[in-house]
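# Remarks on the overall topology
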Amino acid sequence: MIELKNVTKRYGRKRVMNDISFTVDAGEITCLIGLNGAGKTTLLKAIMNLTPSQGRITVDGKKVTSKTYQDMVFVPDVLPMPRNMSIQECLDFMNHFYKKWDEKAANELLQFFQLKKEERLRGLSKGYLMRVNLLLGIASGCKYLLMDEPLSGIDILTRERISELLTSEYVDKKAILFTTHEIAEIETIIDRAVFMKDGMIVSDYYVETLREQEQKSLLDKMREVYV
Ligand SMILES: Nc1ncnc2c1ncn2[C@@H]1O[C@H](COP(=O)(O)OP(=O)(O)OP(=O)(O)O)[C@@H](O)[C@H]1O
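In this report, we go over the structure that sits alongside the text. Only a predicted model underlies this, so the values are computations on that prediction, with no experimental measurement involved.

## Focus on the site of the ligand
As a structural note, the neighbourhood of the ligand is formed by Tyr11, Val16, Gly34, Asn36, Gly37, Ala38, Gly39, Lys40, Thr41 and Thr42. The greatest single-element share of the shell around the ligand, amounting to 3 residues, is contributed by helix 1 (residues 40-47). For the shell around the ligand, the per-class residue count stands at 3 nonpolar, 6 polar and 1 charged.

## Here's the deal with the pairing of strand 7 (residues 144-148)
Counting buried positions along strand 7 gives 5 out of 5 residues, so the element sits mostly inside the fold. Residues of strand 7 alternate between two faces, with Tyr144, Leu146 and Asp148 on one and Leu145 and Met147 on the opposite face, all of them buried. Sheet topology places strand 6 (residues 72-75) next to strand 7; 4 bridges connect them, and they run parallel. The residue of strand 7 that forms the bridge with Val75 is Met147. One ladder, built from 5 bridges, connects strand 7 with strand 8 (residues 175-179); its direction is parallel. Its bridge partner being in strand 8, Met147 is matched across the sheet by Phe178. Remark: the strand 7/helix 5 (residues 156-165)/strand 8 crossover connection has right-handed handedness.

## Describing unusual backbone geometry
Even without being a glycine, Asp19 presents a positive backbone phi close to 55°. Residues other than glycine seldom take positive phi values, yet Gln215 does so here, at roughly 50°. Summarising the element assignment, Gln215 is placed in the loop between helix 7 (207-214) and helix 8 (218-226). With 8 C-beta atoms counted inside 10 Å, the residue Gln215 sits in the exposed group.

## Quick look at the sheet that holds strand 2 (residues 14-24)
Strand order in this open sheet of 4 strands is 2-1-4-5, and the pairing throughout is antiparallel. A strand with exactly one partner marks an edge of an open sheet, and here the two such strands are strand 2 and strand 5 (62-63). Packed on one face of the sheet, helix 1 meets strand 1 (2-11), strand 2 and strand 4 (54-59) and runs near 60° to strand 2.

The rules behind each value
- Residues numbered from 1 in each chain as written.
- Predicted model: local features only at pLDDT ≥ 70, side-chain atom pairs only at ≥ 80, totals over all residues.
- Near = placed C-beta within 6 Å.
- Helix = DSSP H or I, 4+ residues; strand = E, 2+ residues; numbered from the N terminus.
- Nonpolar A, V, L, I, M, F, W, Y, C, P; charged D, E, K, R; others polar.
- Buried ≥ 20, exposed ≤ 12 C-beta atoms within 10 Å, placed from the backbone.
- Pairing = 2+ DSSP bridges.
- Right-handed = clockwise from strand over helix to strand, strands pointing away.
- Contact = placed C-beta atoms within 7 Å.
- Axes fitted to C-alpha atoms, helices over the stretch in contact; angles between N-to-C directions.

This is the structure:
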């Protein structure tokens, strides 16, 4: 379980995360929702300890250190690999780093995403780079998968395939926490929606509860929270 207790972050005088407490559980897909600048990316980076913050963040009860990185992977909005690398070199790099690297998943996902190992990153379009980004994250074998805007700039058919992937056997037992603005498309695949506003969590819902008890869609809830 990833657990945040009273997490706060300031840039100068500005508080971009304000007293955030919540947990992310195994087997659940949680989506961070919010308008531009709400603090979603900052929250993911704080969990990964990529940006300093105050408060307590633990993964399976332990503070996040280089050891914890064997259990948690961050898929940023842009693939962070040098563009002269080939896909094969990216796979080798990740395989070297992650002890639980899933070679079988990597090979299957290459096919799923129609990627060729010998291709260099500099020759790939934005959508294809995101496919590589996702493949590397999912095949890392980490049980916590954090993703920043995995659907951004991706064509509609590929978005559908990525949504399909997020409910597939490859991510079955993982805890997934991701941000997106494409809420209509992910509504049916996520378990939980956490709404952020001005660095705070203002609502936290299981989508099924929202649907069954309040007869509301995520968009309805968004309008209620933000308008
Ligand atoms: N390096 C930085 N220095 C100063 N302020 C920053 C920095 N990075 C982010 N911020 C500010 O922190 C706030 C939260 O930014 P963040 O990127 O987390 O928002 P977001 O919810 O991911 O937004 P978006 O939907 O636009 O991607 C914003 O007001 C932003 O301007």
